[in-house]
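Observations on the three-dimensional arrangement
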2 protein chains.
Amino acid sequence: MNTTDTKYETLKIENQLCFPLYACSKEIIRQYKPFLDKIGLTYTQYITMMVLWENRSMTVKELGSHLYLDSGTLTPLLKKLEAKGLLTRSRSNKDERNLIVTVTEEGMALRDNALFVPQEMAKCVSLTPEEAGFLYRILYKILGQDIESEE
Amino acid sequence: MNTTDTKYETLKIENQLCFPLYACSKEIIRQYKPFLDKIGLTYTQYITMMVLWENRSMTVKELGSHLYLDSGTLTPLLKKLEAKGLLTRSRSNKDERNLIVTVTEEGMALRDNALFVPQEMAKCVSLTPEEAGFLYRILYKILGQDIESEE
DNA sequence: CGCCATTTAATTGTATACAATCTAATTGTA
DNA sequence: TACAATTAGATTGTATACAATTAAATGGCG
């Protein structure tokens, strides 16, 4: 290995951790598409509904902190979900700055139709339970560092 | 835990592997921004240049298979990099369907200015070498499965 | 040779993402 | 209580992503 190789070694894409993370994320989201098409949601809409299914009602701010998304992304996305009849958007009485997002009955009903999605996806990525567990922990470790450094 | 909890367990965002992958990818890319701003590149432009720095000249198709991106994303991105003077775009003489992307001298010169980027980023994510190695292998394992299933 | 299938980019349309800015509501405080 | 600082969403502008379609070039085959 000559000097030039050594010098630029860190700039090789194969030596980056972020790139496979970025590529993996996109490829898995791509694999979601045929399943999500059946319930009429995009991936971002799906994870938004997942958080709402568990909480039923929350502010845009709370939703964003769960999803790592800001109002620039959420506002138009929530308007689309509202147009589909899956949720309602209304200002809080206590604090008019807060917009409360609440899942409708129709939105809750979609939850049953979505049950097959994680089942089908589990077949696509075949990691051992150990690998999956390790991956899960390490990703949340990175996300945790991120949160600390921002607050 | 009641029946309802059990039924929807798989639809909890905390039980998904894709979500932390997606969130991690975005958060790390966000951390790149201040450094990449200094060399005038976005993250996607940066990884594109990284592949080109190693190969100097390649078709859009080849570039896309390295980056997991298609012409819909690459065409406008490459036009921007061309406008910055970092690369040239020209059709192949052998096969006019192929568009050859070649880094200019200016593009190669940027490589030296980019050396600090991976150095700074290494300070941001603090994983042990073992964790980083494991994460790397498992991500490429997933990407590998993906490639096999598509071809 | 002629023609159809394939291949490569470019284009079109839709949906994110996110920084930066703006607006309205609320809070802290002198 | 005025009023500056803060906060929450919405908006604006830029840059991806990607499916689907189009257009041009090439390859294969009768």
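This report concerns the structure included in the present document. Keep in mind it's a predicted model, so treat the numbers as computed, not measured. (Residues numbered from 1 in each chain as written. Chains lettered and ligands numbered in written order. Predicted model: local features only at pLDDT ≥ 70, side-chain atom pairs only at ≥ 80, totals over all residues. Heavy atoms only, no water.)

**What to know about the packing of helix α3 (residues 43-55) of chain B against helix α4 (residues 60-67) of chain B**
Residue and element names in this part refer to chain B. Relative to each other, α3 and α4 sit at 115°, their axes nearing to 10 Å. Helix-helix and strand crossings are classified by hand; for α3 and α4 the assignment is right-handed. Contacts between α3 and α4 involve I47, T48, V51 and L52 on the former and, on the latter, L63, H66 and L67. Taken together, the residues of the contact of α3 with α4 break down into 5 nonpolar, 2 polar and no charged. (Axes fitted to C-alpha atoms, helices over the stretch in contact; angles between N-to-C directions. Helix = DSSP H or I, 4+ residues; strand = E, 2+ residues; numbered from the N terminus. Left-handed = near helix turned anticlockwise from the far one by under 90°. Contact = heavy atoms within 4.5 Å. Nonpolar A, V, L, I, M, F, W, Y, C, P; charged D, E, K, R; others polar.)

**Concerning the interface of chain A and chain B**
With 60 residues of chain A at the contact, the number on the chain B side is 60 residues. Interface area for chain A against chain B, summed over the two sides, is near 6,100 Å², with a carbon-plus-sulfur share of 67%. Summed over the three residues of chain A that lose the most area to chain B, namely L11(A), L17(A) and Y22(A), the buried surface amounts to 11% of that side. For the pair chain A and chain B, the interface holds 4 salt bridges. E131(B) serves as the salt-bridge partner of K141(A), at 2.8 Å between the closest nitrogen and oxygen. Across the contact surface, chain A and chain B share 14 residue pairs in polar contact (both at pLDDT 80 or more). Those elements that place two or more of their residues in the side of chain A that touches chain B are α2 (18-38), α3 (43-55), α4 (60-67), α6 (105-114), α7 (116-124) and α8 (129-150) of chain A. Tallied by class, residues from the side of chain A that touches chain B come to 38 nonpolar, 9 polar and 13 charged. (Buried area = accessible area lost by both parts, 1.4 Å probe. Salt bridge = Lys/Arg side-chain N within 4 Å of Asp/Glu carboxyl O. Polar contact = N/O pair within 3.5 Å; in protein donor to acceptor, adjacent residues only side chain to side chain.)

**A short note on the sheet that holds strand β3 (residues 99-103) of chain B**
Residue and element names in this part refer to chain B. Spatially, 3 strands are ordered β1-β3-β2 in an open sheet, and the strand pairing comes out antiparallel. At either margin of the open sheet sits one strand with a lone partner, and together these are β1 (57-59) and β2 (87-91). Neighbour to neighbour, the strand axes of the sheet diverge by 25° on average, direction disregarded. Pairing geometry for β1 and β3, over 3 bridges, is antiparallel. Note that in β3 the partner of S57 across the bridge is T102. Relative to β2, helix α5 (residues 71-83) is tilted by about 125°, and along the sheet it contacts β2 and β3. (Pairing = 2+ DSSP bridges.)

**Considering the protein's contact with DNA strand C**
What surrounds DNA strand C is a group of 30 residues, the closest being T42(A), Y22(B), S71(B), T75(B) and R89(B). Here the atoms of DNA strand C within 4 Å of the protein split so that 79% fall in sugar or phosphate, with bases taking the remainder. One nitrogen or oxygen atom from the side chain of T75(B) is found 2.6 Å from a phosphate oxygen belonging to DNA strand C. (Near = heavy atom within 4 Å.)

**A word on the sheet that holds strand β3 (residues 99-103) of chain A**
The strands making up a sheet are joined through hydrogen bonds of the backbone, oriented either antiparallel or parallel. Residue and element names in this part refer to chain A. The 3 strands are arranged β1-β3-β2 in an open sheet whose pairing can be described as antiparallel. In the strand order of this sheet, the two ends are held by β1 (57-59) and β2 (87-91), each with one partner. Adjacent strand axes in the sheet meet at a mean angle of 25°, parallel and antiparallel pairs treated alike. On top of the sheet, α4 reaches β1 and β3; it is set at about 90° to β1, its chief contact.

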